[in-house]
Amino acid sequence: MSRSGGGGRRPDSRHDQPTQAPAPPFQRGTDRGSHYGSGAAPSSSHAASTSTAPAPSSPSISASAPSSSSVSTLVEETEQKLTLAALAAATPPPSSSQAVGFPVRPGFGTVGRKCVVRANHFMVQLAERDIHHYDVSITPWVTSRKINRQIISQLINLYRLTDLGERIPAYDGMKSIYTAGPLPFESKEFIINLPDSDPRPSSSTRLRERQFRVVIRLASKPDLYTLQQFLRRRHFEAPYEVIQVLAVVLRAAPSEKHTVVGRSFFSTDLGPMGQLGDGVEYWRGYFQSLRPTQMGLSLNIDVSASSFYEPILVTEFVQNYCRDLSHPLSDEVRLKVKKALKGIKVVLTHREYNNSHKITGISSQPMSQLMFTDDSATRMSVIQYFRERYNIALQFTSLPALVAGSEARPIYLPMELSRIVAGQRYAKRLNERQMARANAYNEDTLVNKEFGIQVADDLTSVDARILPAPMLKYHETGREASVNPGFGQWNMINKKMFNGGRVEVWTCVNFSTRLNRDVAFQFCQGLVDMCNSKGMVFNLRPVIPISSSNPNQIEKALVDVHNRTTQQGKQLQLLIIILPDVSGSYGRIKRVCETELGIVSQCCQPRQASRLNMQYFENVALKINVKVGGRNTVLVDAVQKRIPLVTDRPTIIFGADVTHPQPGEDSSPSIAAVVASMDWPEVAKYRGLVSAQAHHEEIIQDLYKSIQDPQRGFVHGGMIRDGVGERQFSQVLLHEMNAIRQACASLEEGYAPPVTFVVVQKRCRTRLFPAENNRCDLTDRSGNILPGTVVDTEICHPTEFDFYLNSHAAIQGTSRPTRYHVLYDENRFTADGLQVLTNNLCYTYARCTRSVSVVPPAYYAYLAAFRARYYIEDETSAGGSTDGNRSTAERNLAIRPLPVIKDNVKDVMFYC
């Protein structure tokens, strides 16, 4: 289904420790998606998309299944349906049969209490203009958009009134300019000289010429009429080329003034900076995106922040990793520094006019030993060179030198003379903050007068509805057998788990040196008592005594616990682990337990364990229960089979996610995960699979595959997924629906259950605010819109089936709605049916007593993928960014499969 985070008892932020759940990683400034779905196919599911279908023996959402004689026939039928049938009911017919057609909106929702919210969308009005697109060629070629903009800006200043016919072009920073009418030529060459006052020249020898040949050639004439027809719902293919032209126009002025990161702009002028430590600071800024909506074009503007390197000496930066610079760096620190500095630009402080240099690495030797050959073929040391050439006696001679230039002709730069250039984004780890919005487009000559674009000054008021919270079912033996949550949260007081798990064989190992054995024993006793009080059957006595072990011998201790248990002829059902005092061992513990020993584990922070807090015990008990096969709560409507389509016939709901390595980790694979519900009709228990695939590959490669197993023969398997941008919808749908069909056909010839495929965009930048801040019936305690607020009108897609849902109560800051977009729907959901189902499922997240912001199947898939990255992090993290010169093909060939998760672990929700 989809993923979310949010509410009453907080979801865990990481690992197994009950803290606030992290927002699933959404990638770097783009609208990423999850899939959630339901279907009958037990072995194929689609994460982050909604798919529903009836299964022969597994649950699924669906109507009667189409038949087919073979997998190939099914694939052909799927392709035909995807390209032709999706819009068959719409009139007029699609303008192109080649494009993939997505389902049209089946109507608007009516369930819930009506209200009005404000959205950070600004309506855009267009005047009639004759748009022309021109290709731009700049010689010598440069990759810097900043320098390209300086070149074109100089060209406009020199030739606007003459050769450009008084036109003001909008430039995208690379190879295209757009004008609001024809230029006086179809092709023309210009010679442009950049002035010497360029504030950030490059060290590239090509740019030292400072003279550029610019050729402008007519490329095409984008037609605004196609956009107008699309917005009037007379054309069913979004004219992305025309929208891109208008987006470039709106981005032109901010791109000149601010630092550009993706579709966001950052500057020290947009708000105060903040220190993040370790040589990193954050700048305030804003994100913008032009989108077609039911009301017309909308400019979505959202506040944001990002991290940048501080403009400090490199020696100051290195002190964040090693305080004493008088001694050589250890190998471990040197690798960390190399990874942190690679790719950033520095300028030398000993020269008045100086070019910037891009760091490619650092030397393996300290400068006191580093030798090179100068232009006169003389062999000398770096220290000697700076003393003789510049009369500078270097102080930190035990430090390595920065390396710039090429491998054939390296340039060695002393760290103490190198200053980090300001305005470079720190992309190793993103930092988002709440920021201030900017909208001054109506004062922009290019936007307002040249292209005739007017942007509204005020946020858009949007009709919305507040969906009711579902009734949740607990065990009948508790004093409260059901609960109707208020404001997206509830608690476990007087309640018992719907299905309490059974734990007969367990023990605990303590790796903390600060907790003595008595505290560890008291912690386990309190945790076991809490589990029993909430409806589990938990043996009071551990199978072997609770022990404390050396945190430097974790693997040995885990193997020893496993062996001692098996020697008694028993299988360990649960291992409680108190983590070491120093972080960094969690991933190793999970890898050993889940892929080598077959142990389900629950890790706890020593700081929390020492407090013996009842609320903490309750949070951990929720996680333990689902890890041993129990269910904490289910929907009353599911038990009573009152969920349309889902409980009408056996249905599986799938969730999938693809997580990517952090920027700079270019040797790590992407990891795909899929989960599928295994307990129809309650659909609360999910089994998961994980798989490694090519670096930054979005489409799940192992959604369906066939393998020859030496014991079991020919075996079929499948996965489903999360993480899709809008421009990838068609590609993902075609590939993954084919895979789903093949997986279904592998179970039984002709088996093709109906499927509903929904993309979940967790990182959408739309924000919804109460229209009246003082209305307690329209806002929660933090001043945000209420959980269950859904929007499927004005700001949604003009024709397709999508909606925004705020299913959670924000813990901090402004709540973020999730966008759900239906790409395929053989089950013919109504708007109310899908919106209510999605909202209700957000109340079934196992790790907390709060509704979450993304539908749980997609959330679980994210957790499973995030867990699998721990299995390989020790192999790829040490030098992950050092192979940047390898081609993508080489990196893809180097992908190694993930360690296999043991069957007994895979059978439960081990990732919770």
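The rules we used
- Residues numbered from 1 in each chain as written.
- Predicted model: local features only at pLDDT ≥ 70, side-chain atom pairs only at ≥ 80, totals over all residues.
- Heavy atoms only, no water.
- Core = buried A, V, L, I, M, F, W, Y, C linked by side-chain atoms within 4.5 Å.
- Buried < 20%, exposed > 50% of the residue type's maximum accessible area, 1.4 Å probe, protein only.
- Helix = DSSP H or I, 4+ residues; strand = E, 2+ residues; numbered from the N terminus.
- Contact = heavy atoms within 4.5 Å.
- Pairing = 2+ DSSP bridges.
- Phe/Tyr/Trp six-rings, centres within 6.5 Å; stacked < 30°, edge-to-face > 60°.
- Lys NZ or Arg CZ within 6 Å of the ring centre and 35° of its normal.
- Axes fitted to C-alpha atoms, helices over the stretch in contact; angles between N-to-C directions.
- Parallel < 35°, antiparallel > 145°, perpendicular 65-115°, else oblique.
- Nonpolar A, V, L, I, M, F, W, Y, C, P; charged D, E, K, R; others polar.
- pLDDT = per-residue confidence, 0-100.
- Salt bridge = Lys/Arg side-chain N within 4 Å of Asp/Glu carboxyl O.
- Left-handed = near helix turned anticlockwise from the far one by under 90°.
- Expected span 1.5 Å × (residues − 1).

A. Layout of the nonpolar core. Counting 88 residues, the largest nonpolar core has Trp506, Phe523, Phe538, Tyr860 and Tyr911 as the members making the most contacts within it. Here the element with the most residues in this core is helix α17 (residues 856-876); it accounts for 11 residues. Setting aside its immediate chain neighbours within four residues, tryptophan 506 contacts Cys524, Val528, Phe538, Asn539, Leu540, Arg541, Pro542, Val543, Ile544, Leu572, Leu574 and Ile576. Residues Val318, Cys322, Leu341 and Met415 belong to the second largest nonpolar core, which totals 36 residues.

B. How the structure looks around the pairing of strand β11 (residues 274-277). Note: β11 against strand β12 (residues 280-293), three bridges, orientation antiparallel. The residue bridging glycine 277 from the neighbouring strand is valine 280, located in β12. Linking β11 back to β12 in an antiparallel pair, the connection comprises two residues, with aspartate 278 at a positive phi of about 60°.

C. Representation of the packing of aromatic side chains. Under the definition given, this model contains 26 aromatic pairs. Centre to centre, the rings of tryptophan 283 and phenylalanine 308 are 4.2 Å apart; their planes meet at 20°, and the pair counts as stacked. In this pair, tryptophan 283 is assigned in strand β12 and phenylalanine 308 in strand β13 (residues 296-309), connecting sequence segments 25 residues apart. Phenylalanine 308 shares its class with tryptophan 283; the two are buried. Measuring from ring centre to ring centre gives 6.3 Å for phenylalanine 523 and tyrosine 616, while their planes differ by 40°; the resulting arrangement is tilted. Residue phenylalanine 523 is located in helix α9 (residues 517-533), and its partner tyrosine 616 is located in helix α13 (residues 614-627); the two are separated by 93 residues in the primary sequence. We note that phenylalanine 523, like tyrosine 616, is buried. Members of the aromatic cluster, joined through ring pairs, are Tyr586, Tyr686, Tyr845, Tyr859, Tyr860, Tyr862, Phe866, Tyr870, Phe910 and Tyr911. Above the face of the phenylalanine 487 ring, arginine 781 is positioned so that its terminal group lies 5.8 Å from the ring centre.

D. Spotlight on the packing of helix α3 (residues 224-231) against helix α4 (residues 240-257). For the pair α3 and α4, the least separation of the axes is 8 Å and the interaxial angle reads 105°. It follows from the interaxial angle that α3 and α4 lie roughly perpendicular. Residues Leu224, Thr226 and Leu227 of α3 pack against Val242, Ile243 and Leu246 of α4. Looking at the contact of α3 with α4, its residues break down into five nonpolar, one polar and no charged.

E. Expanded view of the confidence of the model for the protein. Scored by pLDDT, the protein comes out at a mean of 82, with 80% of its residues at no less than 70. Across residues 40-71, where pLDDT falls below 50, the model places 208 contacts with residues more than four positions away in sequence or in other chains. The model gives residues 707-721 a pLDDT under 50, and that stretch makes 64 contacts with residues more than four places away or in other chains.

F. Main features of the pattern of salt bridges. Counted by the stated rule, this structure contains 26 salt bridges. Aspartate 802 is the salt-bridge partner of arginine 105, the closest N and O atoms lying 2.6 Å from each other. You can see arginine 105 sitting in the loop between α1 (71-85) and β2 (113-119) and its partner aspartate 802 sitting in strand β41 (residues 802-806), a full 697 residues away along the chain. Residue classification places aspartate 802 among the buried residues on the basis of a relative accessible area of 0%. The shortest N-O distance in the salt bridge between arginine 631 and glutamate 682 comes to 3.2 Å. Here arginine 631 is found in the loop between α13 and β32 (634-635), whereas its partner glutamate 682 is found in the loop between β34 (670-677) and β35 (686-693), with 51 residues between them in sequence. Pair check on accessibility: arginine 631 and glutamate 682 agree, each one buried. Each of Arg113, Glu772, Arg775 and Asp777 takes part in salt bridges that share partners, so that together they form one network.

G. The sheet that holds strand β27 (residues 506-510), seen in detail. Ordered in space as β29-β27-β30-β31, the four strands form an open sheet in which the pairing is parallel. In this open sheet, the two strands that pair with only one neighbour each are β29 (547-548) and β31 (601-604). Pairing of β27 with strand β30 (residues 574-578) involves five bridges; the strand directions are parallel. Pairing of asparagine 510 across the sheet is with isoleucine 578, part of β30. Across the face of the sheet, helix α11 (residues 586-597) comes into contact with β30 and β31 while running at roughly 170° to β31.

H. Up close: the packing of α9 against α13. Two elements in contact, α9 and α13, have axes separated by 9 Å at closest approach and are oriented at 65°. Crossing of α9 over α13 shows right-handed handedness. Residue-level contacts link Phe523, Gly526, Leu527, Met530 and Cys531 of α9 to Met614, Tyr616, Phe617, Glu618, Val620, Ala621 and Ile624 of α13. In the contact of α9 with α13, the residues fall into 10 nonpolar, one polar and one charged.

I. The sheet that holds strand β8 (residues 211-220), seen in detail. Here five strands make up an open sheet; going across it, the order is β5-β6-β4-β8-β7 and the pairing antiparallel. Sheet topology places β5 (170-171) and β7 (187-193) at the edges, where each strand pairs with a single neighbour. Pairing between β5 and strand β6 (residues 176-179): two bridges, direction antiparallel. Of the residues in β6, the one forming a bridge with alanine 170 is tyrosine 178. The sheet strands contacting helix α2 (residues 145-159) are β4 (132-139), β5, β7 and β8, and the helix crosses β7 at an angle near 105°.

J. Spotlight on α4. Counted at 1.5 Å a residue, the expected span for α4 with its 18 residues is 26 Å, and the 26 Å between its end C-alpha atoms agrees. Burial in α4 covers these residues: Val242, Ile243, Val245, Leu246, Ala247, Val248, Val249, Leu250, Arg251, Ala252, Pro254 and Ser255.

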